[in-house]
Amino acid sequence: MNFGRGPSVVLNVGGTRYSFSREVLKDFPLRRVSRLHGCLSEQDVLEVCDDYDRERNEYFFDRHSEAFGFIMLYVRHGHLRFVPHMCELSFYNEMIYWGLEGSHLDYCCQRRLDDRMSETCTYYAAEEPNGRPEGKGRRPPGAEGRKWLERMRRTFEEPTSSVAAQVLATVSILFVIVSMVVLCASTLPEWRAPENRSVEEQSRYTAESVREPSGIIEAICIGWFTAECIVRFIVSKNKCEFVRRPLNIIDLLAITPYYISVLMTVFTGENSQLQRAGVTLRVLRMMRIFWVIKLARHFIGLQTLGLTLKRCYREMVMLLVFICVAMAIFSALSQLLENGLDLGTKNKDYASIPAACWWVIISMTTVGYGDMCPITVPGRILGGICVVSGIVLLALPITFIYHSFVQCYHELKFRSARYSRSLSAEFLN
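Model, not experiment: these values are computed from the prediction.

So, how was this worked out
- Residues numbered from 1 in each chain as written.
- Predicted model: local features only at pLDDT ≥ 70, side-chain atom pairs only at ≥ 80, totals over all residues.
- Heavy atoms only, no water.
- Helix = DSSP H or I, 4+ residues; strand = E, 2+ residues; numbered from the N terminus.
- Buried < 20%, exposed > 50% of the residue type's maximum accessible area, 1.4 Å probe, protein only.
- Contact = heavy atoms within 4.5 Å.
- Areas by Shrake-Rupley, 256 points an atom, 1.4 Å probe, with all protein chains shown as cover.
- Pairing = 2+ DSSP bridges.
- Axes fitted to C-alpha atoms, helices over the stretch in contact; angles between N-to-C directions.
- Patch = residues over 30% accessible without salt bridge, like charges linked within 9 Å, V, L, I, M, F, W, Y side chains within 5 Å.
- Salt bridge = Lys/Arg side-chain N within 4 Å of Asp/Glu carboxyl O.
- Expected span 1.5 Å × (residues − 1).
- Phe/Tyr/Trp six-rings, centres within 6.5 Å; stacked < 30°, edge-to-face > 60°.

Caption draft 1: Focus on the overall build of the protein chain. A tally of regular secondary structure across the protein chain gives 19 helices and four strands. Within the protein chain, buried positions represent 36% of all 429 residues. When contacts within the protein chain are restricted to residue pairs at least 6 apart in sequence, those whose partners lie at least 24 apart make up 62%. Entry remark: accessible area of the protein chain is about 25,900 Å², with carbon and sulfur atoms responsible for 62%.

Caption draft 2: Up close: the sheet that holds strand 4 (residues 58–61). Pairing in this open sheet of four strands is mixed, and the strands run 2-1-4-3 from one edge to the other. The open sheet is flanked by strand 2 (16–21) and strand 3 (51–53), the only strands paired with a single partner. Geometrically, the sheet is characterised by an average inter-axis angle of 20° between neighbouring strands, direction not taken into account.

Caption draft 3: Here's a closer look at a nonpolar patch on the surface. On the surface, a nonpolar cluster with roughly 530 Å² of combined accessible area is contributed by F299, L302, L305, L309, F405 and Y409. Sorting the residues of the nonpolar patch by element identifies helix 15 (300–311) and helix 19 (398–428) as the ones contributing at least two each. Examining the composition of the nonpolar patch, we find that three residues originate from one element, helix 15, more than from any other. Structurally, F405 is set in helix 19.

Caption draft 4: Molecular detail of helix 16 (residues 313–340). With 28 residues, helix 16 should reach 40 Å at 1.5 Å per residue; the first-to-last C-alpha distance of 38 Å fits that figure. Buried within helix 16 are the following residues: E315, L319, I323, A326, M327, F330, S331, S334, Q335, E338 and N339.

Caption draft 5: Structural view of the packing of aromatic side chains. Across all of its chains, the model carries eleven aromatic pairs by this definition. An angle of 65° between the planes, with centres 5.5 Å apart, marks the rings of F233 and F242 as edge-to-face. Both rings, one in W358 and one in Y369, keep their centres 5.9 Å apart while their planes meet at 5°; by these two values the pair is stacked. Residue W358 is found in helix 17 (residues 353–364), and its partner Y369 is found in the loop between helix 17 and helix 18 (377–395); the two are separated by eleven residues along the sequence.

Structural data, given as structure tokens:
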């Protein structure tokens, strides 16, 4: 060490002191501490630490003392783990400060850090530019335009960001509710009676239905959804990212069938061959049910469900694997016991393994419709085992999914509360 005097140095980290000899600092595993060995002046020292006491040769670091204690355990024993009851990201910041990386963590803690970082990136992906303070003085060219676009984007994307955003969200919810009521009413027998008419009458009815109140309401709702989607696309920052978002894909799936059905109606006319596409038109109209998912933009519950499914896809895949393996085993055994042993009491419901799979799935999920049931004693014993096994297998991954659901809900509530605070400030101003 080229600066300071004395045979030893003292590191004061958050009030906890550690004493080392000068020679130990030269090859110290922590890069920030080893940099002290090459300091030539007090200015060089202050670039490494926060303060320095020349009389006691003590170096002060205003960092988390407990976290540094765990880091020192890594220096001594070679194992680095997270501090209990400390945020993984906060401990990771302490590691970066002292010159360590995520690869120095034990494997179990590396997985925790990866999961936490992926959750944080998902949560804050759309919030990076919002927290930057505006600099004083002259604004760069185009700042007003960018600010207006950002305000428009937040108005359409964040329903709690402003008064205008709340009004817009309310109107959008009303349009969704009205469109769903019209869709449900269109399946009533009184509304479906014209479908039994002849081809010529059906073509005239299709052309006239657009001018009816239900057709006008449907057209107005589609117009609103289309205009909303176009404006959100225009004010979005990244157009490619906008197209890839799940909610935007759902919006496109809900809007496109209407225009396809209108075009098919216009081009088919009274052609009897093309009028057979009526089934396709009904399928396209029924795809309007996707409008219900549009409510996820305005309700935290649906957002929490979608975010939980996105984060817990491993657990969901594991759950499906459990069910598939159990179905393969129990369906084969039930088909053998009920139909394959030729004991004089064949059960025709279990004539094949695929047919027995239906009984296995309703038994494992404890639904039990009663349309299929074993009649032999071995089959009933197997059915009991199947039910108990289903309860156990379905319960195993539920704990992970539940904790992820709670975490996602709290994160989205915090985000909504933050925007609500900005809404209150805007209202007071």
